[in-house]
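Observations on the model geometry
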Amino acid sequence: MSLQPARESVTELVHAVEHGDRAALDRLFPLVYGELTILARRQRRAWHGDLTLDTTALVHETYLKFAGPGHPPTDGRAHFLAVASKAMRHILCNHARDRRRLKRGGGAPHRELSPGEEIAAQVQLSDDESDMLAALDEALEALQRVAARQAHVVECRFFGGMSIEDTATALDISPRTVKRDWTFARAWLRRETRRRLDARH
């Protein structure tokens, strides 16, 4: 099945986001998520035993698949990568939470998995890695409530491997602000993630 229609749709949505249509982000997200799950299956070996979650190649390959011919504007590229980073967070963290529920004996009744869940189930995460990701996601949700911009910086930098410059463009802030937010968020999340992990043991 050809990916051309999706490619055209994503390109149009990225340009809409670039021109200020924030609602386009909501329409773009499912398209990015679906392509990321396809790529995750192909690149499964890249995850094995690696808690650094080197997602950069995966997210950028997704962009190249959708970008089509020519050279898209920088803003379009940065916004696309930010949405792809959010999709990657959901894929990985949902999988980590599901794995932890099963470990505690709280598995849900058998049901057909969605495409995203099916691909995430193939990601090779150890119990420790699942615990760490789940705790990180909880801490990131807490950060989102008190400092949303810093949480978005983390999604871009950690889950998407985006550069400081791309993150600044996507979030419409200066590179200096990205650096400051990234430094603050890492320290905050390290402390909060550790606190949540300690509370579970």
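Placed above this text is the structure.
Residues numbered from 1 in each chain as written. Predicted model: local features only at pLDDT ≥ 70, side-chain atom pairs only at ≥ 80, totals over all residues. Heavy atoms only, no water.

Considerations on unusual backbone geometry
What counts, and what does not: Secondary structure elements follow DSSP: runs of H or I of four or more residues count as helices, runs of E of two or more count as strands, with numbering from the N terminus.
With phi around 60°, D172 is a residue other than glycine that occupies positive phi space. With respect to the secondary-structure elements, D172 resides in the loop between α8 (164-171) and α9 (175-200).

So, the side chain of R89
Here is the rule we go by: Relative accessible area decides the class of each residue, using a 1.4 Å probe on protein chains only: under 20% of the type maximum gives buried, over 50% gives exposed, and in between gives partly exposed. By the convention used here, residues are in contact when the closest approach between their heavy atoms is within 4.5 Å.
Locating R89 in the fold gives a position in helix α4 (residues 74-103). Take R89: its relative accessible area is 8%, and that puts it in the buried class. Every residue in contact with R89, bar those within four places of it in the chain, is listed here: N94, D137, L140, E141, E155 and F159.

Some words on the packing of α8 against α9
To keep it simple, the criterion reads: Interaxial angles span 0 to 180 degrees and are taken between N-to-C directions of axes, which are lines fitted to C-alpha atoms, for helices over the stretch in contact. For classification purposes, an angle smaller than 35 degrees is called roughly parallel, one larger than 145 roughly antiparallel, one from 65 to 115 roughly perpendicular, and anything else oblique. Following the grouping adopted for this structure description, the nonpolar residues are Ala, Val, Leu, Ile, Met, Phe, Trp, Tyr, Cys and Pro, the charged ones are Asp, Glu, Lys and Arg, and the polar ones are all others, Gly among them.
At a minimum axis distance of 8 Å, the contact between α8 and α9 shows a crossing angle of 105°. Taken together, the axes of α8 and α9 lie roughly perpendicular to each other. Of the residues in α9, those touching α8 at I164, T167 and A168 are P175, V178 and K179. A class-by-class count of the residues in the contact of α8 with α9 yields four nonpolar, one polar and one charged.

Observations regarding the pattern of salt bridges
Let me state the cut-off plainly: The salt bridge criterion pairs a side-chain nitrogen of Lys or Arg with a carboxyl oxygen of Asp or Glu, the two atoms within 4 Å.
Under the criterion given, the structure shown has eleven salt bridges. Between D137 and R89 there is a salt bridge, with its nearest N and O atoms 2.7 Å apart. Of the two residues, D137 is situated in helix α6 (residues 127-146) and R89 in helix α4; the sequence distance between them amounts to 48 residues. A relative accessible area of 3% places D137 in the buried class. For R149, the salt bridge identified is with D181, shortest N-O distance 2.6 Å. You can see R149 sitting in helix α7 (residues 148-159) and its partner D181 sitting in helix α9, a full 32 residues away along the chain. Ionic contacts of the salt-bridge type, sharing partners, join the residues E138, R191, E192, R195 and R196 into one network.

Some words on the packing of aromatic side chains
The line we're drawing: By convention, a stacked pair of Phe, Tyr or Trp rings (six-membered ring in the case of Trp) has centres within 6.5 Å and planes under 30 degrees apart, an edge-to-face pair has planes over 60 apart, and any other such pair is tilted.
Enumeration according to the criterion identifies three aromatic pairs in this entry. Taken together, a centroid distance of 6.0 Å and an interplanar angle of 40° make the contact between F29 and Y33 tilted. You can see F29 and its partner Y33 sitting in helix α2 (residues 23-42), four residues apart, about one turn around the helix. For Y33, a relative accessible area of 18% gives the class buried. Ring geometry for Y63 versus F80: centroids 5.4 Å apart, planes at 65°, classification edge-to-face. Taken as a pair, Y63 in helix α3 (residues 56-67) and F80 in helix α4 lie far apart in primary sequence, 17 residues in all. Across the pair, F80 and Y63 agree in class, each one buried.

Observations regarding the nonpolar core
Formally: Definition used in this section: a nonpolar core is a set of buried Ala, Val, Leu, Ile, Met, Phe, Trp, Tyr and Cys residues joined via side-chain atoms within 4.5 Å.
Counting residues in hydrophobic clusters, the biggest one holds 50 residues, and the most contacted among them are V32, L36, F80, L143 and L189. Breaking this core down by element, the ones donating at least two residues are α1 (4-18), α2, α3, α4, α6, α7, α8 and α9. At twelve residues, the largest contribution of residues to this core is made by α4. Setting aside its immediate chain neighbours within four residues, F80 contacts V10, V14, V32, T62, Y63 and F66.

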